[in-house]
Amino acid sequence: MAKLEFKKISHSYELSKNPKLDKSKAKWAVKDMNLIWEDGTANALLGPSGCGKTTILNILSGLLKPTQGQIFIGNRDVTNIETRDGHIAQVFQFPVVYDSMDVYNNLAFPLINKNVPDNEIDKKVKEVAEILNLTDYLRSSSSALNSAEKQKISLGRGIIREDTEAILLDEPLTVIDPKMRGELRRSLKQVQQELKITMIYVTHDQHEALTFAEYVTIVKDGKFVQKGTPNELYSQPSSPFVGYFIGSPGMNVIECKLQEKKLQCSGFNIKISDKILKNYINKNQDSLRIGIRPEELEVSVEKKENGIKSKVAIVEDVGNYKILTLSLGKIRIKARVNSKIDVKEEEYIFINFPEKYIKIFSNDERIY
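Rules and cut-offs
Residues numbered from 1 in each chain as written. Predicted model: local features only at pLDDT ≥ 70, side-chain atom pairs only at ≥ 80, totals over all residues. Heavy atoms only, no water. Axes fitted to C-alpha atoms, helices over the stretch in contact; angles between N-to-C directions. Helix = DSSP H or I, 4+ residues; strand = E, 2+ residues; numbered from the N terminus. Parallel < 35°, antiparallel > 145°, perpendicular 65-115°, else oblique. Left-handed = near helix turned anticlockwise from the far one by under 90°. Contact = heavy atoms within 4.5 Å. Phe/Tyr/Trp six-rings, centres within 6.5 Å; stacked < 30°, edge-to-face > 60°. Buried < 20%, exposed > 50% of the residue type's maximum accessible area, 1.4 Å probe, protein only. Nonpolar A, V, L, I, M, F, W, Y, C, P; charged D, E, K, R; others polar.

Asks: Report on the packing of helix H5 (residues 147-159) against helix H6 (residues 178-195), specifying residues and quantitative values.
Replies: Two numbers describe how H5 lies on H6: the axes approach to 10 Å, and their chain directions differ by 15°. Classified by the angle between their axes, H5 and H6 sit roughly parallel to one another. Viewed along their axes, H5 and H6 form a crossing whose handedness is right-handed. Contacts between H5 and H6 involve Ala148, Gln151, Lys152, Leu155 and Ile159 from the former and Met180, Glu183, Leu184, Ser187, Leu188, Val191 and Leu195 from the latter.

Dropping the structure here:
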């Protein structure tokens, strides 16, 4: 197993095809990326479609040579080595199995190619099948299995090799039946924890990323945005994008201006303490935004001191809680409240923004 590292990695598909192209005019799929995935950790690479996730994965696996920068596995510079020498296993969106073989021979295939003795192959195949709950299927035709079981075979061919240093998972649940996704994700996590192998799971689905990974790296437009534990990303987002992207519903982000000791939003004001004014907000700053999670808003059906009158536009009752969409002039925000709160659309309620929960952003960076 090994640590994986990007040092100033950039990639342009245009420059790959035409190296003489002016770099200042090229489009970059990945730009100036410095990243480390520690040895033996479960990681996720998260971002919207088209943000560069698969490009990053293909650079890591050696399928793609970066335009600029270096890749390290442990202390080895592997930027220019052949894919087969990188000892990286990759599991793709669509399960890759040999339908003409049974499960046993699918798992054994990488070892057969390396001329491993039959007795060692048999031992290893049975160990991996046990880990992946495939023991009962070893003599079954691979073509008869469902997509989740086939994806386990793809994973098994990676972990069966002694020289595998990391496993890359590219949207591995895309074609899996929704009923089986949770089970397969738990299997992936169990394998990672049991074998302590470095895994990087690529997805655009925050639920998949946050429930699988110890550390999540968020990417946007080919650039690194933030890395942290699921809790860190949720509670301490570095930008409005992270705040909104993580969470369901995402963080409310509202544009505002500093007016004396208040943040003036469209149609209402939020009072802030001298501590914040003194230590975090420059009076000359413009482009200020505040962020607050829907569940952190204080909501009351009765008028309270400093309560901001809000019209209930939409009520979504999801059983154990309700999601309210509130209108405050031209602004709409979300509030998550107890299901017992009796509130109807077109009614008015009162909200407060507790200072201990608000985040303040300036020019897309969190300053408080």
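Having seen it, we continue.
Asks: Tell me about the environment of Gly267, and name the residues and values.
Replies: Its location among the elements puts Gly267 in the loop between strand E12 (262-265) and strand E13 (268-271). Sequence spacing of Gly267 and Gly329 is 62 residues, and the spatial spacing of their C-alpha atoms is 5.6 Å.

Asks: Account for the packing of aromatic side chains, with residues named and values stated.
Replies: This model, assessed by the stated rule, comprises 6 aromatic pairs. Between the aromatic rings of Tyr201 and Phe212, the centroid separation amounts to 4.9 Å while the plane-to-plane angle is 35°, which identifies the pairing as tilted. Of this pair, Tyr201 sits in strand E8 (residues 198-203) while Phe212 sits in helix H7 (residues 206-212), and the two are 11 residues apart along the sequence. A relative accessible area of 0% means that Tyr201 is categorised as buried.

Asks: Kindly report on the packing of helix H3 (residues 103-113) against H5, identifying the contributing residues and their values.
Replies: Remark: H3 packs on H5, axes separated minimally by 7 Å, with the N-to-C direction vectors making an angle of 30°. When the axes of H3 and H5 are compared, the crossing they make is right-handed. Along the contact surface, H3 presents Val103, Asn106, Leu107 and Pro110, while H5 presents Ile153, Gly156 and Arg157. Partitioned by chemical class, the residues of the contact of H3 with H5 number 4 nonpolar, 2 polar and 1 charged.

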